[in-house]
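Descriptive structure summary
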Amino acid sequence: MTTTPRTALTIAGSDSGGGAGIQADLRTFFACGVHGLVALTAVTVQNSLGVQGFTEIDAETVTAQIKAVAGDMGVNAAKTGMLATAEIIYAVARTLDEVHIGQGTEVPFVVDPVAASMTGDSLLREEALEAIRTELFPRANLITPNLDEVRLLTSVRVTDKTTQREAAKALLEFGSGWVLVKGGHMYESPECVDLLSDGTDYLELSGPRYETENTHGGGDTMASAITASLAKGADMPGAVAEGKRFIERCVAEAYPLGAGVGPVSPFWRLAPN
Ligand code: PLP
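Read on for a plain summary of the structure.

1. Here we look at the site of the ligand
- The local shell around the ligand holds 16 residues, among which Gln46, Met118, His216, Gly217 and Asp220 are the closest.
- Residue Met118 places a main-chain N or O atom 2.9 Å away from an oxygen atom belonging to the ligand.
- Protein contacts shield 93% of the accessible area of the ligand, which totals 390 Å² for the unbound molecule.
- When residues of the shell around the ligand are traced back to their parent elements, those giving at least two are strand S1 (7-15), strand S2 (35-47) and helix H7 (218-231).
- Looking at the shell around the ligand, its residues break down into five nonpolar, ten polar and one charged.

2. Regarding helix H8 (residues 236-252)
- Between its first and last C-alpha atoms H8 spans 24 Å; for 17 residues at 1.5 Å apiece the expected length is 24 Å, and the two agree.
- Against helix H1 (21-31), strand S6 (142-143), strand S7 (178-181), strand S8 (191-197), strand S9 (202-208) and H7 lie the buried residues of H8.
- Its side-chain oxygen at 2.9 Å from the backbone nitrogen of Gly238, Asp235 defines the N-terminal cap of H8.

3. A short note on the environment of Val240
- Along the chain, Val240 falls in helix H8.
- Residue classification places Val240 among the buried positions, given a relative accessible area of 1%.
- Setting aside anything within four residues of it in sequence, one finds Val240 in contact with Leu142, Leu180, Leu196, Leu205 and Ile226.

Rules and cut-offs
Think of each chain on its own: its residues are numbered from 1, step by step along the sequence as written. Per-residue local features are limited, in this predicted model, to residues with pLDDT of at least 70; the limit for side-chain atom pairs, both in listing and counting, is 80 or more; totals at the level of whole chains, interfaces and linings are taken over all residues. The side-chain numbers reported here are obtained from all heavy atoms of the structure, hydrogens and water having been left aside. It suffices for a single heavy atom of a residue to lie within 4 Å of a molecule or strand for the residue to be listed as near it. Here a polar contact is taken to be a pair of N or O atoms separated by no more than 3.5 Å, where protein atoms must pair a possible hydrogen donor with a possible acceptor and residues adjacent in sequence count only if both atoms sit in side chains. The accessible surface values rely on the Shrake-Rupley method and a 1.4 Å probe; as for residues, cover is taken only from the protein chains in view. Secondary structure counts use DSSP, requiring at least four H or I residues in a row for a helix and at least two E residues in a row for a strand, with both numbered from the N terminus. Gly is put with the polar residues, along with every residue not named as nonpolar or charged; the nonpolar set is Ala, Val, Leu, Ile, Met, Phe, Trp, Tyr, Cys and Pro, and the charged set is Asp, Glu, Lys and Arg. Take the number of residues in a helix, subtract one, and multiply by 1.5 Å to get its expected span. By definition in these notes, contact holds between two residues if any of their heavy atoms fall within 4.5 Å. Between buried and exposed lies partly exposed: a residue is buried under 20% and exposed over 50% of the maximum accessible area for its type, with that area taken using a 1.4 Å probe on protein chains only.

Structure follows, in structure tokens:
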């Protein structure tokens with residue numbers, strides 16, 4: 001008998017290098033057994049050496065994509081990645097309310113507050129960060145900033161577990177249900193410790209730190225794996241634990257591609273080993 005999988009929607013940009021953005025989201029959704037839906041926000045021109053530029057999609061087209069798939073196919077969970085402009089962010093927030101996605105609805109919504117690539121190239125026009133804070137965080141069941149994004153959003157500089165907890169508290173003030181403060185960029189630490197909190201519980205998720213240069217798309221892949229788990233019905237701590245296990249293997253098996261930073265790899269989930 002044919003079974004229709006659960007669906008997950010990504011509202012994000014395209015990476016011509018295929019390692020981050022919607023390409024990372026779709027390959028993660030596939031590897032996690034959910035059907036991926038897409039609302040494209042921007043087309044980036046990039047390779048392993050960095051982002052050479054991007055063109056945003058107009059806000060009406062972004063909105064129309066979300067409505068088209070939500071109305072017909074149904075969305076079991078959604079996430080955002082690169083949103084490019086404040087105008088797109090405002091349009092996405094309004095549309096999510098219309099199609100009943102996000103906090104207070106049946107459909108969980110994850111916000112990965114993407115501001116720049118790991119090569120330091122901006123993926124967001126100015127003033128859009130404030131729109132992410134005010135428009136998206138209150139609608140999000142989970143936000144997943146890395147330490148650079150934490151600093152941009154709160155001005156807290158995370159260097160240890162105490163400041164990581166401080167950052168979680170500051171970020172929850174913006175209204176999301178949960179926050180995951182990812183510690184992967186705390187390079188002094190021998191482990192990757194992420195902190196998940198809803199303001200009541202503070203859960204530390206600890207994992208190994210792998211020696212690799214190839215971590216392109218890591219943030220997108222983890223947020224997508226969490227979103228896939230939510231789409232399949234996991235609760236938040238369960239989905240984040242699942243996402244963490246998934247990204248660990250993807251980093252462990254990341255491969256070189258091009259002269260710069262290669263992508264993390266979800267192939268392990270498909271290949272027999
Ligand atoms: N390009 C796009 C379209 C993205 O969405 C992202 C991250 O979300 C990146 C590039 C940057 O990825 P990384 O920081 O892993 O290089």
